[in-house]
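Structural overview
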Amino acid sequence: MRLLHTSDWHLGRSFHRESLHDAQRAFLDHLVDVVREERVQAVLVAGDVYDRALPGLEAVALFDQALHRLAGLGVPTVFISGNHDSARRLGVGAGLIDRAGIHLRTDPAGCATPVLLADEHGPVAVYGLPYLEPALVRESFGLERGGHAAVLGAAMERVRADLAGRPAGTRAVVLAHAFVTGGAPSDSERDIAVGGVANVPLTVFDGVHYAALGHLHGCQTLAPHVRYSGSPLAYSFSEVDHRKSMWLVDLAADGSVSAKRAYTPVPRELACLRGRLEDLLADPRHAGHEQSWVQVTLTDPGRPAEPMERLRRRFPHTLQLLFDPDETETGPARSYASRVRGRTDLEIAEGFVRHVRPGTEPDDTELRWLREGFESTRESADRWADQP
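Read on for an overview of the structure. (Residues numbered from 1 in each chain as written. Predicted model: local features only at pLDDT ≥ 70, side-chain atom pairs only at ≥ 80, totals over all residues. Heavy atoms only, no water.)

**Observations concerning the packing of aromatic side chains**
Test applied: Two rings from Phe, Tyr or Trp (for Trp, the six-membered ring) form a pair when their centres are within 6.5 Å of each other. A pair whose planes differ by under 30 degrees is stacked, one over 60 is edge-to-face, and the rest are tilted. Note on conventions: DSSP H or I runs of at least 4 residues are helices, E runs of at least 2 residues are strands, and numbering of each starts at the N terminus. For every residue, the accessible area (1.4 Å probe, protein chains only) is compared with the maximum for its type, and the residue is labelled buried under 20%, exposed over 50%, or partly exposed between those bounds.
Applying the stated criterion across every chain, the model contains six aromatic pairs. Arranged with centres 5.7 Å apart and planes meeting at 85°, the rings of Trp9 and Phe79 form a pair that is edge-to-face. With a gap of 70 residues between them, Trp9 in the loop between β1 (2–6) and β2 (14–15) and Phe79 in strand β5 (residues 77–80) connect regions that are remote in the sequence. Phe79 shares its class with Trp9; the two are buried. Pairing Phe63 with Phe79 gives two aromatic rings, centres 5.3 Å apart and planes at 90°, and the pair type is edge-to-face. Of this pair, Phe63 sits in helix α2 (residues 57–73) while Phe79 sits in strand β5, placing them 16 residues apart in sequence.

Right, dumping it as structure tokens:
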């Protein structure tokens, strides 16, 4: 069976205020072409269909058009909700849409109820695990405590129990939206660490033949049967070196997997330039980036006059301007962004406490308050997003 694995469409998202509507429409056109030309037998969309819980009308229209076109091809498609989606909103009409071969899996209670497909080699059970926020699903999975690894592990136990009752030789495919240990993140994913440790072990997917993952925006292979497709478009300058794609996955009769990348259209190249303003404006080596979306980091000791206006005369699509002086009047300097790069929100908050109280570490009670505060904020945001 040939599968097309994609994820993280983030319909409705912009790129530093530049509309991506036309680029996302071009991607969906390309996806339909790939399904037709590559004789895809099922499409897997591993979460974050939309960029936010309340998507704009243009984004909803794009999704609606995609559903109609996929249904028109007669190719079964399985969607799960991601951490950016409102599961309840995305799942509206799921029972009715099922009849058209479009399967929306947004309810954690349905983790062990697969979409049943078949080819000439027999049955394929496709299990859709929507994004599982620990604080919201622990009780339904019978867990008193635990983070992402615990809730995803409980969901997979249900999957394996259901699979054990299927006919011998049934091949199993799982869609999941999570941060799996070994994956490489980028700047455009929303942090899911609050509510429990974000990472889940690769072994959680033992017992299935293919795990189609979403959440991380870079295409990557964690094991031959566990892969991230990544986002079809770049959503941050941290993805400047990404080559965006989908996975074409061939599932053999014995459950073994082979895969190749199906590259997606690039609306405009990205470039990250660094240096002093006058050098950037004059250096002929940057001629190839004059039509790119550009992020510029200026290293001038003092802030130049009208830097953005001057940059846009050469690089009209300059979207982000950063300052990181290579030296100051008192010596070398480091930007605040560089000092906190790679830290979680909680670690930044802890660092702030240390900064305003020099020589005094936050005690256990204060650390607990900080953790509970972040977790409460996340839970409130998720509950609000799923309000009808």
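Text resumes after the structure shown.
**Some remarks on the packing of helix α1 (residues 21–37) against α2**
What counts, and what does not: Angular values range over 0 to 180 degrees, each being the angle between N-to-C directions of two axes fitted as lines to C-alpha atoms, with helices fitted over their stretch in contact. In this scheme, roughly parallel covers angles under 35 degrees and roughly antiparallel covers those over 145, while 65 to 115 is roughly perpendicular and the rest are oblique. Residue contacts follow a heavy-atom distance rule, with two residues in contact if any of their heavy atoms lie within 4.5 Å. Only Asp, Glu, Lys and Arg are considered charged, only Ala, Val, Leu, Ile, Met, Phe, Trp, Tyr, Cys and Pro nonpolar, and every remaining residue, Gly among them, polar.
The N-to-C vectors of α1 and α2 enclose an angle of 10°; their axes lie 11 Å apart at closest approach. It follows that α1 is roughly parallel to α2 by the angle criterion. Side by side, α1 and α2 meet where His21, Gln24, Arg25, Leu28, Asp29, Leu31, Val32, Val35 and Arg36 of the first sit next to Glu58, Leu62, Ala66, Arg69, Leu70 and Leu73 of the second. Split by residue class, the contact of α1 with α2 holds eight nonpolar, two polar and five charged.

**What to know about the sheet that holds strand β19 (residues 318–323)**
Two orientations exist for strands paired in a sheet by backbone hydrogen bonds: parallel and antiparallel. To keep things clear, this is the line we draw: Think of it this way: DSSP has to see at least two bridges between two strands before they count as a pair.
Read from one edge to the other, the open sheet built from three strands follows the order β17-β18-β19, with strand pairing classed as parallel. Only two strands of the sheet have a single neighbouring strand rather than two, namely β17 (270–275) and β19. With strand direction ignored, the average angle separating the axes of adjacent strands in the sheet is 15°. Taken together, the six bridges between β17 and strand β18 (residues 293–298) define a ladder with parallel strand orientation. What sits directly across from Leu273, in β18, is Val296.

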